[in-house]
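The residues making up each chain are set out below.
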Amino acid sequence: MAPRLPDDPPATDDELMAAVARGDVEALRALSRRYLARVVALGSRTLGDPAEAEDVAQEAFLRLWRTAPTWRPNEAKVGTWLHRVALNLCFDKLAKRREEHPGDPPDAVDPSPGPSGALQERETADHVRAALDALPEAQRRAITLCHYQDMRNIEAAEVMGVSVEALESLLARGRRKLREELRALAPELLGAA
């Protein structure tokens, strides 16, 4: 990739993919700067394990490197494709966990003592995670992509392979179910709502 001048607009994802296809490591780094944090966050939210999330991100970017030579611009968005690959890798890890430990609860996060505010945040996060875990998988994925990954509905629908209408239905049902679960787990979180 040719060096960019300070006034040059940033390269598009498709331009970067073309450079990656030519073996340009700097182009891969540029894509990594754009998407790595979001892919790791998706993996962490889906798997509940930051180390596994980093493994998923590494594998997703390795697949991006391998796919670059056959990438067809304008056929898919790089970010959407990368999120879809990461989500599929997460599903594979979750399925493997179920095979290895059927019925075992996931490892608990170390609740190390801290200031009362941090403790309260941890408790709230635990309640929300438990409520999210109680959702059907499709609803949980929709909420994770839209609310935690800040994806627009159209992007999340594309990642999930569903229509925007189906995604919006999953979100609506998931939000209702979350309210019910949180009301049961921690009514103080919802107040009078």
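Note: the structure precedes this text.
A short tour of the structure in this document, coming up.

Here is what the cut-offs are and how they apply
- Residues numbered from 1 in each chain as written.
- Predicted model: local features only at pLDDT ≥ 70, side-chain atom pairs only at ≥ 80, totals over all residues.
- Heavy atoms only, no water.
- Helix = DSSP H or I, 4+ residues; strand = E, 2+ residues; numbered from the N terminus.
- Buried < 20%, exposed > 50% of the residue type's maximum accessible area, 1.4 Å probe, protein only.
- Contact = heavy atoms within 4.5 Å.
- Areas by Shrake-Rupley, 256 points an atom, 1.4 Å probe, with all protein chains shown as cover.
- Axes fitted to C-alpha atoms, helices over the stretch in contact; angles between N-to-C directions.
- Parallel < 35°, antiparallel > 145°, perpendicular 65-115°, else oblique.
- Left-handed = near helix turned anticlockwise from the far one by under 90°.
- Nonpolar A, V, L, I, M, F, W, Y, C, P; charged D, E, K, R; others polar.
- Phe/Tyr/Trp six-rings, centres within 6.5 Å; stacked < 30°, edge-to-face > 60°.
- Patch = residues over 30% accessible without salt bridge, like charges linked within 9 Å, V, L, I, M, F, W, Y side chains within 5 Å.
- Salt bridge = Lys/Arg side-chain N within 4 Å of Asp/Glu carboxyl O.
- Expected span 1.5 Å × (residues − 1).
- Arc of directions from axis to C-beta.

1. Examining the overall build of the chain
Here comes step 1: What the chain contains, in helices and strands, is 9 helices and 0 strands.
Here comes step 2: Mapped in sequence order, the helices and strands of the chain form the string α-α-α-α-α-α-α-α-α.
Here comes step 3: Within the span of the chain, comprising 193 residues, buried residues form 32% of the whole.
Here comes step 4: For the chain, long-range pairs separated by at least 24 residues make up 60% of all intrachain contacts whose partners lie at least 6 apart in sequence.
Here comes step 5: Counting only carbon and sulfur atoms, one obtains 53% of the accessible surface of the chain, whose full area is about 11,800 Å².

2. Details of the packing of helix α1 (residues 13-21) against helix α2 (residues 25-47)
Here comes step 1: With their axes 8 Å apart at the nearest point, α1 and α2 run at an angle of 140 degrees to one another. Taken together, the axis directions place α1 and α2 in an arrangement best described as oblique. Between α1 and α2 lies a crossing whose hand is left-handed. Residues D13, L16, M17, A19 and V20 of α1 pack against A27, L28, A30, L31, R34 and Y35 of α2.
Here comes step 2: Here the contact of α1 with α2 is composed, by residue class, of 9 nonpolar, no polar and 2 charged.

3. Comments concerning the packing of aromatic side chains
Here comes step 1: Under the counting rule described, the total for this entry stands at 1 aromatic pair.
Here comes step 2: Aromatic pair W71 and W81: ring centres 5.8 Å apart, planes at 80 degrees, arrangement edge-to-face. With W71 in the loop between α3 (50-67) and α4 (78-100) and W81 in helix α4, this pair connects stretches of sequence that are 10 residues apart.
Here comes step 3: The buried category is assigned to W71, whose relative accessible area is 13%.

4. Quick notes on a nonpolar patch on the surface
Here comes step 1: Residues V25, L62 and W65 make up a contiguous nonpolar surface patch of about 220 Å² in total accessible area.
Here comes step 2: Assignment of secondary structure puts V25 in helix α2.
Here comes step 3: Take V25: its relative accessible area is 39%, and that puts it in the partly exposed class.

5. Some words on helix α8 (residues 164-185)
Here comes step 1: For α8, built from 22 residues, the straight-helix expectation of 32 Å at 1.5 Å per residue is met to within 8% by its first-to-last C-alpha distance of 31 Å.
Here comes step 2: Residues of α8 that are buried include every one of L167, L170, L171, G174, L178 and L182, and no others. Down the axis of α8, the buried side of the element spans an arc of 100 degrees, and every buried residue falls inside it. More than 90 degrees from the buried face of α8, the exposed residues found are E165 and A184.

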